[in-house]
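Structural features, examined
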Amino acid sequence: SAASASLAPLGPRPLRGRRTLPTSRPRCRSGQVLFNTCVCASVYMLDATFSDLEPLPQDDGPVPVVRIAYPDGFEEVMSYFRRVVVTGECSQRTLQLSAEVIAHNAANYTAWQYRRRCLEAMHSGSSNAAREQAWREELAFCTARGRENLKNYQVWFHRRSCLARLGSGPKAELEFVAEILRDDSKNYHAWGHRQWVLSSYGGWEGEAAFVEGLLEEDARNNSAWNQRYFLLQHTADLSSLSVAEGEVDFAARYIAAAPGNPSPWNYLRGVVEPLGYSAVPRVRLLCEGLLAGDAASGAGRVAAMSLLVDVLDEGGDPAEQERARSLCDSLEDLDSLREAYWQWRRSRVGAQQPTSPYAQ
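The structure reproduced in this document is the subject of the present report. (Residues numbered from 1 in each chain as written. Predicted model: local features only at pLDDT ≥ 70, side-chain atom pairs only at ≥ 80, totals over all residues. Heavy atoms only, no water.)

**As for helix α7 (residues 153-166)**
- Given a rise of 1.5 Å per residue, 14 residues ought to cover 20 Å, and the 20 Å separating the end C-alpha atoms of α7 matches this to within 8%.
- Those residues of α7 lying buried are Val 155, Trp 156, His 158, Arg 159, Ser 161, Cys 162, Leu 163 and Leu 166.
- Contacts from the buried residues of α7 go to α5 (109-122), α6 (128-148), α8 (170-183) and α9 (188-201).
- Capping of α7 at its N-terminal end is provided by Asn 152; its side-chain oxygen lies 2.8 Å from the backbone amide nitrogen of Gln 154.
- Backbone geometry just after α7 places Gly 167 at a positive phi near 65°. (Helix = DSSP H or I, 4+ residues; strand = E, 2+ residues; numbered from the N terminus. Expected span 1.5 Å × (residues − 1). Buried < 20%, exposed > 50% of the residue type's maximum accessible area, 1.4 Å probe, protein only. Contact = heavy atoms within 4.5 Å. Polar contact = N/O pair within 3.5 Å; in protein donor to acceptor, adjacent residues only side chain to side chain.)

**Quick look at the nonpolar core**
- With 52 residues, the main nonpolar core has Trp 265, Leu 268, Val 272, Val 283 and Leu 307 as its most contacted residues.
- When residues in this core are grouped by element, the largest group, nine residues, is from helix α15 (residues 299-315).
- When neighbours within four sequence positions are excluded, Val 272 is seen to be in contact with Val 248, Tyr 277, Val 280 and Val 283.
- Among the nonpolar cores identified, the runner-up in size contains 35 residues, and Phe 81, Ala 99, Tyr 114 and Ala 134 belong to it. (Core = buried A, V, L, I, M, F, W, Y, C linked by side-chain atoms within 4.5 Å.)

**Topic: helix α14 (residues 282-292)**
- Taken as a whole, α14 has its buried residues at Val 283, Leu 286, Cys 287, Leu 290 and Leu 291. Axial view of α14: buried residues confined to an arc of 120°, hence all on one face. Summarising the geometry of α14, the exposed residues directed more than 90 degrees from the buried face are Leu 285 and Ala 292.
- Structurally, α14 contributes buried residues whose contacts are with α12 (241-257), α13 (262-272) and α15. (Arc of directions from axis to C-beta.)

**Let's talk about the packing of aromatic side chains**
- Applying the stated criterion across every chain, the model contains 15 aromatic pairs.
- Judged by centre distance (4.6 Å) and plane angle (20°), the rings of Tyr 70 and Phe 74 are stacked.
- With relative accessibility at 14%, the residue Phe 74 sits in the buried group.
- Between Trp 225 and Tyr 267 the ring centres are 5.1 Å apart and the planes differ by 45°, which places this aromatic pair in the tilted class. Of this pair, Trp 225 sits in helix α11 (residues 222-235) while Tyr 267 sits in helix α13, and the two are 42 residues apart along the sequence. Like Tyr 267, Trp 225 is buried.
- Among the aromatic residues, ring-to-ring pairing joins Trp 225, Tyr 229, Phe 250, Tyr 254 and Tyr 267 into one connected group.
- Geometry around Phe 176 places Arg 159 over its ring, the cationic atom sitting 3.7 Å from the centre.
- Of note, Arg 228 hangs over the ring of Phe 250, and the distance from its end group to the ring centre comes to 3.5 Å. (Phe/Tyr/Trp six-rings, centres within 6.5 Å; stacked < 30°, edge-to-face > 60°. Lys NZ or Arg CZ within 6 Å of the ring centre and 35° of its normal.)

Set out below in structure tokens:
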């Protein structure tokens, strides 16, 4: 059968990537090697550790079209890993083998999944303390690998799995993510993980100050603006006029400092639009004030006029809708790259009724 054929002896294979093993490698308290610092496992080590197993090579078919030139050691490591996946062995040596696979390719989701499978099987009968210690050591392994692969889906998902089994509080993990964001404040994976930590374990009380600190450093950080909205979704009533007014005032501070920055304008729209612009008059006052003065020019003037078009259109007053059309005409020149859009937007003025629950 095909299954038995895949397990048949493979015969001799060329040894590649022979290397001298380092004299010491990082270990956890139990003695488990945390990660392979030489990156490429020595075939001597593999052959000695898995002498009872026949490696299972990659099947590229009888006539490979384009054979991939793998780096030294990769084929040997993967051939042994394929074999243990087939046999289903869960042991200390297969846990270390998965670390070797990850050292070659940290995006190998099968290797990360196999680590979780191994740990679950190896500690199914362990005491709570021993099981917790094993997952803490795994979290340390994940942290070490994660710092080298900060935009890797598999690393972050594995980290969630470790934390879920440990049931830790949010403080240490939020500090870890904050450290990552200090180096890359727009790391999508880190922000997603932070939202998961907050949703799962709490810690909301310090989030507003954290986000505002990032915005003070970079008011164009869309990720921080998004996080503030995420915070409001979970801690405030977004249907409340007082909340909306407070957020308009918050965004207005950043608009005043840099009128051409699209981030606070977009944030303002997101907060107010569901309620209706007529419900929050200070939005119109903000736009009119910027257009009346000299503060807004270029991108800032375009942003204020764009929002004012929506404000005027929403009210349904014919005179104000005519002014909205006039603004669209002006925007065709001011925002010439989107000339066709403003022509289309002009044609849509008055086409829709206000949807605000506060608009009568």
